[in-house]
Amino acid sequence: MSWVLPLLGLVLSCHKATPQPLIYVSNEDGGDVAIVDPNSAQVIARIPVGKRPRGVKLSPDGKVLYVALSGSPKAGPGIDESTLPPADRNADGVGVVDLASRQLLRTIPSGPDPESFDVTEDGKTLFVSNEDAGEVTVVDLSSGGVKAKVAVGREPEGVTIRPDGKVVYVTSERDNEVAAIDIGTLAVLAHIPAGQRPRSIVFSKDGKTGFVADEMGAMVTVLDVAANAPAGAIKIEQATKTPLGPRPMGGAISPDGKLVFVSCGRSGSVVVIDVATRSQVRTLDGVGARPWGVAVSPDGKWLYTANGSSDDVSIIDLATSQIAKRVRVGGQPWGIAVGAP
């Protein structure tokens, strides 16, 4: 029977959970990026970065974290901006964080009030949405200088480069549209109608279909990329009713490309959309107060949400659709990025 214990050890090792990579969370009120270890469910470090950190994105090589910083005062929909304090334009920029040393290396110019951005696959260029200016700033990461500015719709927010790297798409909250910009020429190819207050966009793996989260429309607009035109809408439904209903905000696609996860803000939920059928197939209720940033682990087993109003991050087991852990990070978490495995 001496073989029993070695065999048992082999079985246990085969079922041992694969460690999850680190999670990077921007805290809009805290002025920092929290590094969360999902395995221990703890914040293991904080990196001060500047005012109102929101959008976050890893460099293609995974060595640098970029974070959008803004000196504009916080203001929700419908706020009279004349009643707000003046903006601190010196605070605007994109912070460059070295993940090995966990330090802010520099802040590069990015236009006023940067909110979201995307980085090209070669790691050379950033496309940044400037909410106050109604434009996109194109940043050369080698020099840290601004290459160009492109006018888009009013209050631009979500920025996503198409999987083929040829076109970048930018949502416009005020004009209810998505601008498609040719990356080579920086010409605006199309202004695509979307639902009310579009927040973010994610693409299918083949790059043929876009999914736009429309906050006030309580739906996801489906885009036909070849035609640069809307191709339908997915109405978001919730079994658990909330006073404001679903407010689609952020989006993420599963590693296998089969599912899109959409955070629903003040309704405290995440909906799951099947890419092939373009339909809602599941709802994850009670994930936290106002989930915004959403990301998936590289192995597709875990979902992470940055919950602004409850100041925490939820770690969701996608096999069971249950919250495995919640980690308090404080400071109104906004954006979220997941490290390489």
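Refer to the structure presented above.
Residues numbered from 1 in each chain as written. Predicted model: local features only at pLDDT ≥ 70, side-chain atom pairs only at ≥ 80, totals over all residues. Heavy atoms only, no water.

Participant: I'm lost on the overall build of the protein in this one. Help?
Facilitator: From N to C terminus, the protein includes one helix and 28 strands. In terms of overall size, the protein behaves like a compact globule, its C-alpha atoms giving a radius of gyration of 20 Å where 341 residues would be expected to give roughly 20 Å. Expressed as lengths along the three principal axes of its C-alpha atoms, the size of the protein is roughly 75 × 45 × 40 Å. The burial tally for the protein puts 56% of its 341 residues in the buried class. Intrachain contacts of the protein at a sequence separation of at least 6 include 41% that bridge at least 24 residues. For the protein, the computed accessible surface area is about 14600 Å², with 53% contributed by carbon and sulfur atoms. Computed over 34 positive and 38 negative side-chain charges, the separation of the two mean positions in the protein equals 4 Å. (Helix = DSSP H or I, 4+ residues; strand = E, 2+ residues; numbered from the N terminus. Rg over C-alpha atoms; globule rule 2.2 N^0.38 Å. Buried < 20%, exposed > 50% of the residue type's maximum accessible area, 1.4 Å probe, protein only. Contact = heavy atoms within 4.5 Å. Areas by Shrake-Rupley, 256 points an atom, 1.4 Å probe, with all protein chains shown as cover. Lys, Arg positive; Asp, Glu negative; His and termini not counted. Charge placed at Lys NZ, Arg CZ, Asp CG, Glu CD.)

Participant: For this particular structure, what's the right way to read unusual backbone geometry?
Facilitator: What you tend to see is this: most non-glycine residues have negative phi, and most peptide bonds are trans. Its identity is not glycine, yet R197 carries a phi of approximately 55°, on the positive side. For R197, a relative accessible area of 14% translates into the label buried. Positioned with a positive phi, R278 is a non-glycine residue whose angle comes to about 55°. What makes R278 partly exposed here is its relative accessible area of 35%.

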